[in-house]
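Here is what each chain is made of, one letter per residue.
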Amino acid sequence: MFEKRKDPPAPPEPAASPPQSTSTPDTFTSRSTAVIGQTIKIKGTIEGDENLIIEGSVEGAVNLPNNDLTVGPSGKVKADLDAKTVKIDGEVTGDISGTEKVIVSKTGLVKGNIVAPRVTLEDGAKFKGSIDMDPSPSSSSSAAAPASGPKTAKPSGTGSDTGNEAKQEAS
Amino acid sequence: MRLNKRPANSENAAGGTTEVLNSRLLPEVFNRFEPGDPVRVLDLGPGSADTVAFLSQFQVRVSFVDLLEHADQLKPAETPTAGQALNLIANLLHLPQDAKFDVILLWDVVHHLSPNMLEALSGILESHTTRSTTGYGFGSLQNDRVHEAFEYGIRDPNQIIQRNSSYSPFTAHSQQQMNQKFVCLHIAKATLLQEGKLELFFERQY
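Residues numbered from 1 in each chain as written. Chains lettered and ligands numbered in written order. Predicted model: local features only at pLDDT ≥ 70, side-chain atom pairs only at ≥ 80, totals over all residues.

1. Structural notes on the overall build of chain B
Here is step 1: Counting its secondary structure elements, chain B contains 6 helices and 13 strands.
Here is step 2: A globule of 206 residues ought to have a C-alpha radius of gyration of about 17 Å, and chain B, at 16 Å, matches this closely.
Here is step 3: Principal-axis analysis of the C-alpha atoms places the extent of chain B at approximately 45 × 40 × 30 Å.
Here is step 4: Out of the 206 residues in chain B, the part that is buried amounts to 46%.
Here is step 5: Excluding contacts between residues fewer than 6 apart, the proportion of contacts in chain B whose partners are at least 24 apart in sequence is 67%. (Helix = DSSP H or I, 4+ residues; strand = E, 2+ residues; numbered from the N terminus. Rg over C-alpha atoms; globule rule 2.2 N^0.38 Å. Buried ≥ 20, exposed ≤ 12 C-beta atoms within 10 Å, placed from the backbone. Contact = placed C-beta atoms within 7 Å.)

Structure (structure tokens):
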């Protein structure tokens, strides 16, 4: 069902090479990446511990909390997506959660809510839904949860907002 | 507000032409927030890369509802009852019942609604506002003038990106009609733009 796309093997190291740097390599290049091909259709929950590229159709849920997920240009997904980073080049209907970031590219089409500390819509991306870049834990439950006013907002109305005060105390 | 074609008729990735508008009233909406503040935004237009990039400086929750995607339902041939209009708008907005917003970006979307649908939109939005909610949008000095429809994005509080859209041209509601039908927010300030277009700043009405 899954094709395995192994990264090209690293060139052999010289015998006298110094110890490798301790810096962490990019996850996209350091781990194998599974690919769901264009003709593949999956219904159900996908979980795992490797990066995934979806070029086919997926309905259900995708949970890769420690890995990178890409919905390729030909990918069509009706599912909630949860990954470390999510890049959308195709079509997604469902909620998207990225613990690091979510990118909707210029060819991407998303109908759903996005929760991530960093969200990028590229020029030309089509998006309908909510984007939640509030890192507070409570925000992940609903992308359009009750608003809390800005801490430094200068009230333009005649009184303070109770909801704002509650949020400020909580934070 | 000055029309600043920079660059003139530039092509964007979506294939439309864009212009940069210098805004005087949008700062009224966003200057009260500091970077990192929690801000809740409702944008009645489609998702905009510029707006998302601008809002990313805040702890933002922004909802793009793109009402004009359902333009055929906003001016129905048969006038719906008040209840039908409320249900229709509620279904199109599809907002969580308890969602509140600090900022509502109306752009020119309200002018694509029939008067009773505008009233219904006001009724729905009222429950999603707080005392400090502000709004921003456009109007017209001449009610019989036909305006081209655009999609908008925010580059910064002083600059709006205006992009050609495929939606139909429109004539704007009069200020009197807005005051009568759109009561959840009232027009607190207006600035005359080029070609009879008005820039409007809304505040909550008490």
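2. With respect to the pairing of strand β13 (residues 197–204) of chain B
Residues and elements named next belong to chain B.
Here is step 1: Among the 8 residues that make up β13, 6 are buried, leaving the element largely enclosed by the rest of the structure.
Here is step 2: One ladder, built from 7 bridges, connects strand β12 (residues 185–192) with β13; its direction is antiparallel. Across the sheet, His 186 pairs through a bridge with Glu 203, a residue of β13.
Here is step 3: Where β12 hands over to β13, the hairpin turn is made up of 4 residues, of which Glu 195 adopts a positive phi near 60 degrees. (Pairing = 2+ DSSP bridges.)

3. Brief notes about helix α4 (residues 82–93) of chain B
Residues and elements named next belong to chain B.
Here is step 1: An ideal rise of 1.5 Å per residue puts 16 Å on 12 residues; α4 measures up with 16 Å between its terminal C-alpha atoms.
Here is step 2: Regarding α4, the residues found buried are Ala 85, Ile 89 and Leu 92. Seen along its axis, α4 keeps its buried residues to an arc of 60 degrees; they face one direction. Of the exposed residues in α4, the ones pointing more than 90 degrees away from its buried face are Gly 83 and Asn 91.
Here is step 3: Contact partners of the buried residues in α4: α3 (71–74) and α5 (115–126).
Here is step 4: Downstream of α4 by one or two residues, His 94 has phi in the positive range, about 55 degrees. (Expected span 1.5 Å × (residues − 1). Arc of directions from axis to C-beta.)

4. Some details on the confidence of the model for chain A
Here is step 1: Per-residue confidence for chain A gives a mean pLDDT of 74; residues scoring 70 or more make up 60%.
Here is step 2: Of the regions scoring below 50 in pLDDT, residues 8–30 of chain A engages in 7 contacts with residues more than four places distant in sequence or in other chains. (pLDDT = per-residue confidence, 0-100.)

5. Regarding the pairing of strand β6 (residues 76–88) of chain A
Strand residues, when the strand is regular, have side chains that alternate between the two faces of the sheet.
Residues and elements named next belong to chain A.
Here is step 1: Across 12 bridges, the pairing between strand β5 (residues 57–71) and β6 is parallel. Bridging across to β6, Val 58 finds its partner in Val 77.
Here is step 2: Where β6 lies against strand β7 (residues 91–93), 3 bridges are found, and the strand directions are parallel. Bridge pairing links Val 77 to Val 92 in β7.

6. Digging into unusual backbone geometry
Residues and elements named next belong to chain B.
Here is step 1: The backbone of Asp 66 shows a phi angle near 45 degrees, a positive value even though the residue is not glycine.
Here is step 2: Among the secondary structure elements, Asp 66 is positioned in the loop between β5 (59–64) and α3.
Here is step 3: We note that His 94 has phi near 55 degrees; this positive angle belongs to a residue other than glycine.
Here is step 4: You can call His 94 exposed: it has 11 C-beta atoms within 10 Å.

7. Observations regarding the nonpolar core
Here is step 1: By size, the foremost hydrophobic cluster in this structure holds 82 residues, and its most contacted members are A:Leu81, B:Val41, B:Leu105 and B:Tyr136.
Here is step 2: Residue contacts for A:Leu81: discarding those within four places in its chain leaves A:Val62, A:Leu69, A:Val86, A:Val92, A:Gly94, A:Ile96 and A:Ser97. (Core = buried A, V, L, I, M, F, W, Y, C linked by C-beta atoms within 7 Å.)

8. Quick look at the packing of α4(B) against α5(B)
All names here are of chain B.
Here is step 1: Contact geometry of α4 with α5 gives a least axis separation of 8 Å together with a crossing angle of 60 degrees. Taken as axis vectors, α4 and α5 run oblique relative to one another. You can see that α4 and α5 cross each other, and the crossing is right-handed. Along the contact surface, α4 presents Ala 82, Ala 85, Leu 86, Ile 89, Ala 90 and Leu 93, while α5 presents Asn 116, Met 117, Ala 120, Leu 121, Gly 123 and Ile 124.
Here is step 2: Tallied by class, residues from the contact of α4 with α5 come to 10 nonpolar, 2 polar and no charged. (Axes fitted to C-alpha atoms, helices over the stretch in contact; angles between N-to-C directions. Parallel < 35°, antiparallel > 145°, perpendicular 65-115°, else oblique. Left-handed = near helix turned anticlockwise from the far one by under 90°. Nonpolar A, V, L, I, M, F, W, Y, C, P; charged D, E, K, R; others polar.)

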